[in-house]
Amino acid sequence: MCKIPVIGFYHHKNLGDDAYQIAFRTAFPTQEFCFSNCTPNSDFGILGGGNVLYTHYLAQIQGCGRKWALSVGATQSSDFEKIKECHFEKIIVRDYDSLELLKKNGIDAEYAPDFTFLLKPDREHGKALLDNLFKKHSAEKYENIVVVCLNSYALLPNHPRDTMKESYLQYFLNEMSVILDNTHASFVFLPFSTQFPYEDRVINSMCASRAKFYKKNVCIFDELSPTEALDIIAASNLVLGQ
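Quick summary incoming for the structure in this document. (Residues numbered from 1 in each chain as written. Predicted model: local features only at pLDDT ≥ 70, side-chain atom pairs only at ≥ 80, totals over all residues. Heavy atoms only, no water.)

**Digging into the sheet that holds strand β1 (residues 4-7)**
Spelled out, the test is: When DSSP finds two or more bridges between a pair of strands, those strands are recorded as paired. What counts as a helix is a DSSP run of H or I of at least four residues, what counts as a strand is a run of E of at least two, and both are numbered from the N terminus. Note on contacts: a residue pair is in contact if any heavy atoms of the two residues lie within 4.5 Å. Interaxial angle, 0 to 180 degrees, is taken between N-to-C directions of lines fitted to C-alpha atoms, where a helix line uses only the stretch in contact.
Strand order in the open sheet made by the 6 strands is β2-β1-β3-β4-β5-β6, with parallel pairing throughout. With partners counted over all chains shown, the strands left at the sheet margins are β2 (33-36) and β6 (110-111), one partner each. In this sheet, strand β5 (residues 90-93) lies alongside strand β4 (residues 66-72) in parallel orientation, the contact comprising 4 bridges. By the bridge assignment for β5, Leu 70 is matched with Ile 92. Contacts from helix α1 (residues 15-27) reach β1, β2, β3 (44-47) and β4, with the element oriented near 160° to β2. Running at roughly 165° to β3, helix α2 (residues 55-62) makes contact with β1, β3 and β4 of the sheet.

**Overview of the pairing of β3**
Where we set the bar: Handedness of a crossover is defined as follows: with both strands directed away from the viewer, a clockwise route from the first strand across the helix to the second makes it right-handed.
Looking at chain direction, β1 and β3 are connected through 2 bridges and run parallel. Of the residues in β3, the one forming a bridge with Ile 7 is Leu 47. Read as a crossover between parallel neighbours, the route from β3 over α2 to β4 is right-handed.

**Considering helix α8 (residues 226-234)**
Residues separated by three or four positions in an α-helix point in the same direction, a consequence of the helix having 3.6 residues per turn. Stated precisely, the cut-off is as follows: Classification of residues uses two cut-offs on accessible area relative to the type maximum, computed with a 1.4 Å probe and protein chains only: under 20% is buried, over 50% is exposed, and between them is partly exposed.
Buried residues of α8: Pro 226, Ala 229, Asp 231 and Ile 232, and no others. The secondary structure elements touched by the buried residues of α8 are α1, α5 (123-136) and β7 (145-149).

**Quick look at the nonpolar core**
So the rule is basically this: As used here, the term nonpolar core means buried Ala, Val, Leu, Ile, Met, Phe, Trp, Tyr and Cys residues forming a set that is joined through side-chain atoms within 4.5 Å.
Counting 22 residues, the largest nonpolar core has Leu 47, Leu 53, Ile 83, Phe 88, Ile 91 and Leu 102 as the members making the most contacts within it. Of all the elements in the fold, those that place two or more residues in this core are α2, β4, α3 (80-86), β5 and α4 (96-104). When near neighbours in sequence (up to four residues on either side) are disregarded, Ile 83 contacts Leu 53, Leu 58, Ser 78, Phe 88, Ile 91, Leu 102 and Ile 107. Core analysis: the second largest hydrophobic core is formed by 17 residues, Leu 150, Ala 154, Leu 180 and Ala 185 among them.

**Looking at unusual backbone geometry**
The linkage connecting Gly 48 with the following residue, Gly 49, adopts the cis geometry, with an omega of -10°. By the element assignment, Gly 49 lies in the loop between β3 and α2. With a phi close to 50°, His 87 is a non-glycine residue in the positive phi region. The topology assignment puts His 87 in the loop between α3 and β5. For His 87, a relative accessible area of 64% gives the class exposed. The phi torsion at Ser 138 lies on the positive side, around 50°, for a residue other than glycine. With respect to the helices and strands, Ser 138 occurs in the loop between α5 and β7. With a relative accessible area of 69%, Ser 138 lands in the exposed category.

**Structural notes on the sheet that holds strand β11 (residues 218-219)**
Think of a sheet as strands paired side by side through backbone hydrogen bonds, with each pair either parallel or antiparallel. If you trace the 4 strands from one edge of the open sheet to the other, you get β11-β8-β7-β12, paired in parallel fashion. At either margin of the open sheet sits one strand with a lone partner, and together these are β11 and β12 (238-241). Pairing between β7 and β12: 4 bridges, direction parallel. Bridge pairing in β12 places Val 146 opposite Leu 238. Strands β7, β8 (186-189) and β11 of the sheet are contacted by α5, whose axis makes an angle of about 95° with β8.

Given below as structure tokens:
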């Protein structure tokens, strides 16, 4: 069977993007896929998933004959003219804001829930992973577990808040320290990206180190698979994202 090339932000140690490798195979179990971030040599191809409607990715997929954009998102920075030039047979977006934005720019699209919603977590496996994690770090595991997912994008020099980044970051970390020390729960800092420059373990460590009562919290430094991360999230009581 011919493998279908899928272009996206793959093989960069990002759990969210790599989860699409599982999601596409779940959505289309009879098909074989090849996931890449470079130009495929094929008469057909798929762009997705995630926020990949940018010039770089569109240029990679443009050479394919028949092409589809599946489970993608659009932003104001998307290359709308390049999207039109690609002549996708179908564009399926994962949120209504993207749908509205594309249609506003004269691009026909349809909405469907994010393909990663097809993934089914194993809550019991997540509990076992958490037990091992707290044991490994000799930390005290409370009954309530809060998973914290911070984005290293806040540390990059081109962050939108760059003009006030230092004050914003300090304010954010200080507020988080209050939450950490005044909430009767254990906090688990889970990185979605573990490769520079998008290294979430850096900002996770900065935040976790602000806690006075740090022995009830843990930072995950190991590289998790998308399914392991999903299982841990399923076993928690609350997820905080930034």
